[in-house]
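Given next are the chains, with one letter for each unit.
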Amino acid sequence: METWSALSDLLLLLAGAFVLGALAERLRQSAILGYLLAGMLLGPHGFGVVAQSENVALLAELGVALLLFSIGLEFAWSRLRRTGGAALAGGAAQVTLTILVVLVGAAIFGRDLRIAFVLGAALALSSTAYVLRILANRAQLDSNFGRLSISVLLVQDLAVVPLLLVVSVLRSGSGPAEALLAFAKLAGFAILMVAGFLLLFHVLVPRLLGTQVLQRNRELPLLLAVTSGLGSAVIAHALGLSPAIGAFLAGMLLAESPFATQVRSDVSALRTLLMTLFFGSIGMFGDPRAIVEHAGPVILLVAGVVVAKAGLVFFALRLFRNPVRASLTAGFCLAQIGEFSFVI
């Protein structure tokens, strides 16, 4: 009965996401807003139609890992190499500055610096899925600000791995020496996992099956992708790492394999399903009553995040003499938090 109840909750969540996502698109907004709103309205803080059970939470966590695996598939080192150094440096400066600003604010008001670091790391990241979709719909991927935005997003995506490692260490609440040892241990596990995936994707699989076999059979690359995504999450969890880290790293490394193009095309539909589940489950944490009761502070907070994030991106890009207009437009493109922020 519990299994069927969880499946019913999942079906209701996806159906609600479909209806409200379609309504959002009708209003010329992102469907992601509809997915979040569906989770909020159907969840325990809304009408209570969908219970926030352990089964749904487990499916959502699995969805997070596989979503980040699919995002990692879109990450290409060749694209990173083609990006200008000034844009990449600006992206690194933006992530660093955002975290520092939050830490300084926490120090001034006497808040916990560990919590401030987590908040700063979450605020430093923008939505890769959202920004790329908007730029693609408007045919602006190759514009000056489009290229700057993509460059910053690439740096932010890369920064997720060390940020999640730091957050994992901070969660333990250990002292500086123990924290440094724990970070070194987690980093060592991450390096071993990367080496294992490199061996698997670039040596073992191509030699055992052959590239032509994988190209002829459309099922095998899809099975390889799903197995890699799930396996990387399980391995990362067993090593004490975030499953999201393992899945994202596996996706990044698979993106550079000989059969990456076919894998990307085959998992696109799966990515849509996982993204819907992820944002719907995140929306279940939202409380519409609290938003209405504290509408003033919520609006001010949202406006503050947008203005501050846009300003920090603009300042960071201008530090390395990127064009003024492109830097300002890129700042507003990235003036939101994204899926990695929720993961952190």
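In this text the structure is predicted, and so the values were computed from the model without any measurement.

Caption draft 1: How the structure looks around a nonpolar patch on the surface. Where nonpolar side chains cluster on the molecular surface, the patch consists of Leu62, Leu222, Val226, Leu230, Leu270 and Leu273 and spans about 400 Å² of accessible area. Among the secondary structure elements, those contributing two or more residues to the nonpolar patch are α11 (219–238) and α14 (268–283). The element that contributes the greatest number of residues to the nonpolar patch is α11, accounting for 3 residues. Tracing the backbone shows Leu230 in helix α11.

Caption draft 2: How the structure looks around the pattern of salt bridges. The full count for this structure, using the stated rule, is 1 salt bridge. Arg114 serves as the salt-bridge partner of Asp112, at 3.6 Å between the closest nitrogen and oxygen. The class of Arg114 is partly exposed, set by a relative accessible area of 39%.

Caption draft 3: Representation of the packing of α11 against helix α12 (residues 243–254) in the model. Running from N to C, α11 and α12 point in directions that differ by 140°, and their axes come no closer than 7 Å. For the element pair α11 / α12, the angle class is oblique. The two elements α11 and α12 meet at a crossing, and its hand is right-handed. Counting all contacts with α11, which are made through Leu224, Ala225, Ser228, Gly229, Ser232, Ala233, Ala236 and His237, the residues of α12 involved are Pro243, Gly246, Ala247, Ala250 and Leu254. For the contact of α11 with α12, the per-class residue count stands at 8 nonpolar, 5 polar and no charged.

Caption draft 4: Structural view of the side chain of Ser149. Along the chain, Ser149 falls in helix α8 (residues 144–172). With near-sequence residues (within four places) excluded, Ser149 lies in contact with Leu135, Ala330, Cys333 and Leu334.

Caption draft 5: Quick look at the packing of aromatic side chains. Taken as a whole and assessed by the stated rule, the structure comprises 3 aromatic pairs. Consider the rings of Phe248 and Phe340, whose centres lie 5.4 Å apart with planes at 75°: the pair is edge-to-face. Taken together, the positions of Phe248 in helix α12 and Phe340 in helix α18 (residues 339–343) put the pair 92 residues apart, joining distant regions of the chain. Note on accessibility: Phe248 and Phe340 belong to one class, buried. For the pair Phe278 and Phe342, a centre-to-centre distance of 6.4 Å together with 70° between the ring planes defines the contact as edge-to-face. Here Phe342 lies in helix α18 and Phe278 lies in helix α14, a separation of 64 residues in the sequence. The class for Phe278 is buried, based on a relative accessible area of 2%. Note on Phe342: relative accessible area 37%, which makes it partly exposed. Three or more aromatic residues joined by ring pairs make a cluster, and in this case those are Phe278, Phe279 and Phe342.

Caption draft 6: Structural context of the layout of surface pockets. In this model, the largest pocket occupies a volume close to 1,700 Å³. Forming the walls of the largest pocket are 44 residues, and the residues nearest its centre are Leu36, Val302, Val305, Ile337 and Phe342. Of all elements in the fold, only α1 (2–26), α2 (31–42), α5 (85–108), α6 (113–124), α14, α15 (288–293), α16 (295–319) and α18 reach the threshold of two or more residues within the lining of the largest pocket. A total of 8 residues in the lining of the largest pocket trace back to one element, the largest contributor, which is α16. The residue inventory of the lining of the largest pocket, partitioned by class, reads 32 nonpolar, 9 polar and 3 charged.

Basis of the calculations
Residues numbered from 1 in each chain as written. Predicted model: local features only at pLDDT ≥ 70, side-chain atom pairs only at ≥ 80, totals over all residues. Heavy atoms only, no water. Patch = residues over 30% accessible without salt bridge, like charges linked within 9 Å, V, L, I, M, F, W, Y side chains within 5 Å. Areas by Shrake-Rupley, 256 points an atom, 1.4 Å probe, with all protein chains shown as cover. Salt bridge = Lys/Arg side-chain N within 4 Å of Asp/Glu carboxyl O. Helix = DSSP H or I, 4+ residues; strand = E, 2+ residues; numbered from the N terminus. Buried < 20%, exposed > 50% of the residue type's maximum accessible area, 1.4 Å probe, protein only. Axes fitted to C-alpha atoms, helices over the stretch in contact; angles between N-to-C directions. Parallel < 35°, antiparallel > 145°, perpendicular 65-115°, else oblique. Left-handed = near helix turned anticlockwise from the far one by under 90°. Contact = heavy atoms within 4.5 Å. Nonpolar A, V, L, I, M, F, W, Y, C, P; charged D, E, K, R; others polar. Phe/Tyr/Trp six-rings, centres within 6.5 Å; stacked < 30°, edge-to-face > 60°. 1 Å grid on protein atoms, 1.4 Å probe; cavity = no way out; pocket = protein on both sides within 12 Å on 5 of 7 lines; lining within 4 Å. Points joined across faces, edges and corners; volume = space filled by probe spheres on them.

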